[in-house]
Amino acid sequence: MSGPDISVVICVYTEDRWEDILAAVSSVRAQACPALETLLVVDHNEALLDRLTKEYKDAADVRVLANAGPRGLSAGRNTGIAASCGEVVAFLDDDAVAERDWLRYFAAGYADPRVMAVGGRTEPIWASGRRPDWFPEEFDWVVGCTYRGLPDGRVQVRNVLGGNASFRRTAFDFAGGFATGIGRDGDRLPLGCEETELCIRLTRARPDTVLLIDDRAVIHHRVPEPREHFRYFRTRTYAEGLSKALVARSVGAGKGLESERRYTTRVLPAGVARGLRDAVLARPGGAGRAGAIVAGVLTAAGGYVVGSVRARRGGATYSVAAPEGNSGGGERGGEGGAG
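Bear in mind that the values here come from a model prediction, so they are computed numbers and not experimental data. (Residues numbered from 1 in each chain as written. Predicted model: local features only at pLDDT ≥ 70, side-chain atom pairs only at ≥ 80, totals over all residues. Heavy atoms only, no water.)

What about the overall build of the protein chain?
Then step 1. Per the secondary structure count, the protein chain includes ten helices and 13 strands.
Then step 2. Counting the 339 residues in the protein chain, one finds 53% classified as buried.
Then step 3. Surface accessibility of the protein chain: about 14,500 Å² in total, with carbon and sulfur atoms responsible for 51%. (Helix = DSSP H or I, 4+ residues; strand = E, 2+ residues; numbered from the N terminus. Buried < 20%, exposed > 50% of the residue type's maximum accessible area, 1.4 Å probe, protein only. Areas by Shrake-Rupley, 256 points an atom, 1.4 Å probe, with all protein chains shown as cover.)

Printed below as a string of structure tokens:
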């Protein structure tokens with residue numbers, strides 16, 4: 001089928017994921033709807049940059065480039081946007097592989113000119129081979145995957161999820177790029193929400209914007225063994241609270257927490273009830289899942305409170321710049337509150 005040209009951006013930062021990176025690129029090159037190009041953006045790692053440059057020196061459809069901004073996922077994505085040539089820019093995590101029709105479903109979503117972004121479904125690949133009994137599906141976002149509570153099919157949403165998403169190029173003309181200071185930054189806390197903040201900013205800049213998730217656009221995301229443990233679960237939910245405080249600071253708590261209110265008042269209570277029911281029926285992990293949901297909510301709430309206090313005290317900053325690569329776009333953001 002015909003559709004917009006799509007550039008795929010994969011942000012990478014560590015040689016520890018070498019085989020994963022190669023698998024991610026291979027999955028893009030095997031698409032039924034071919035990508036115009038694949039851009040590997042290396043986040044301040046000269047050894048990895050050199051190694052990937054040599055690996056793909058003869059590949060006309062793969063380009064390797066260095067992150068032109070500050071360390072972190074947001075600046076890496078902005079570098080990829082600036083260097084890309086497609087009408088649509090898609091993003092794939094460096095430890096994920098896309099199913100063959102991934103880009104085909106993305107392309108189909110842009111038939112409506114109001115559609116500015118299309119996301120997909122992300123399935124976990126657990127290092128242990130199976131989901132831990134205690135790990136609730138409602139919290140699969142902790143490991144970068146689609147979680148229970150998101151609607152099925154192709155539906156309109158407030159925001160797409162960054163590791164499996166695409167944006168019309170003109171979206172960045174309206175809203176600017178990803179905000180630095182919100183998302184992930186190498187070895188720092190596993191922050192997130194940069195795509196949420198961008199999507200809300202986009203709908204404010206262009207009120208007729210439509211954002212979609214199509215659950216047929218599937219990728220499979222590797223979950224390493226350390227992320228199967230409660231310690232990471234607790235750290236990630238706390239970091240989510242910090243990130244949500246920044247989002248609320250940027251776009252207001254009303255819009256910034258709109259989906260989260262529905263999630264915490266409807267989806268999570270149902271998850272606790274299922275866990276307790278399974279515990280009564282002596283099914284494995286029921287009590288653990290119910291307890292993890294409660295712990296996750298409390299930890300995220302704690303992170304939000306801390307992040308909000310830091311924001312009021314000016315403890316951190318975020319900035320939003322046009323994705324102009326090495327030229328460095330003008331900032332369009334301000335003060336924020338995550339560490």
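Okay, back to it.
Some thoughts on the pairing of strand S8 (residues 164–168)
Then step 1. By the criterion of burial, S8 is predominantly enclosed, with five of the five residues buried.
Then step 2. For strand S4 (residues 88–92) and S8, the ladder comprises five bridges, and the chain directions are antiparallel. Each residue of the ladder has a partner; that of valine 89, found in S8, is phenylalanine 167.
Then step 3. When strand S6 (residues 115–126) meets S8, the two strands line up antiparallel, connected through three bridges. From the neighbouring strand, glycine 119 faces S8, where its bridge partner is alanine 165. (Pairing = 2+ DSSP bridges.)

Focus on the confidence of the model for the protein chain
Then step 1. Mean pLDDT over the protein chain works out to 88, with 86% of the residues at or above the 70 mark.
Then step 2. Confidence drops under a pLDDT of 50 for residues 325–339, and excluding neighbours within four residues, the segment shows 47 contacts in the predicted structure. (pLDDT = per-residue confidence, 0-100. Contact = heavy atoms within 4.5 Å.)

Digging into the pairing of strand S10 (residues 210–223)
Then step 1. Within S10, eleven of the 14 residues are buried, which leaves the element mostly enclosed by the surrounding structure.
Then step 2. Relative to S10, strand S5 (residues 96–98) runs antiparallel, the two sharing three bridges. Across the sheet, residue alanine 96 finds its bridge partner in S10, namely histidine 221.
Then step 3. The pairing of S6 with S10 spans ten bridges and is parallel. Along S10, the bridge assignment pairs valine 118 with leucine 212.

A closer look at unusual backbone geometry
Then step 1. Residue histidine 44 is not a glycine yet carries a positive backbone phi of 55 degrees.
Then step 2. In this structure histidine 44 comes out as partly exposed when scored by relative accessible area, which is 40%.
Then step 3. Phi at alanine 282 is positive, roughly 65 degrees, even though this residue is not glycine.
Then step 4. Residue placement: alanine 282 occurs in the loop between helix H9 (258–280) and helix H10 (286–312).

Regarding the packing of aromatic side chains
Then step 1. A full pass over the atoms with the stated rule returns 16 aromatic pairs.
Then step 2. Look at tryptophan 134 and phenylalanine 230: their rings are 5.8 Å apart centre to centre, the planes differ by 75 degrees, and that puts the pair in the edge-to-face class. Taken together, the residues tryptophan 134 in the loop between S6 and strand S7 (154–156) and phenylalanine 230 in helix H7 (residues 230–251) connect sequence positions 96 residues apart.
Then step 3. Residue phenylalanine 230 is classed as partly exposed on the basis of its relative accessible area, which comes to 34%.
Then step 4. For the ring pair tyrosine 147 and tyrosine 263, a centre distance of 5.5 Å and an interplane angle of 70 degrees mean the geometry is edge-to-face. In this pair, tyrosine 147 is assigned in the loop between S6 and S7 and tyrosine 263 in helix H9, connecting sequence segments 116 residues apart.
Then step 5. An aromatic cluster is built from Trp126, Trp134, Phe135, Phe139, Trp141, Tyr147, Phe230, Phe233 and Tyr263, whose rings are joined through pairwise contacts.
Then step 6. We note arginine 77 situated over the ring of phenylalanine 91; from NZ or CZ to the ring centre the distance is 5.7 Å.
Then step 7. Taking the ring centre of tyrosine 105 as reference, the NZ or CZ of arginine 104 above it sits at 4.6 Å. (Phe/Tyr/Trp six-rings, centres within 6.5 Å; stacked < 30°, edge-to-face > 60°. Lys NZ or Arg CZ within 6 Å of the ring centre and 35° of its normal.)

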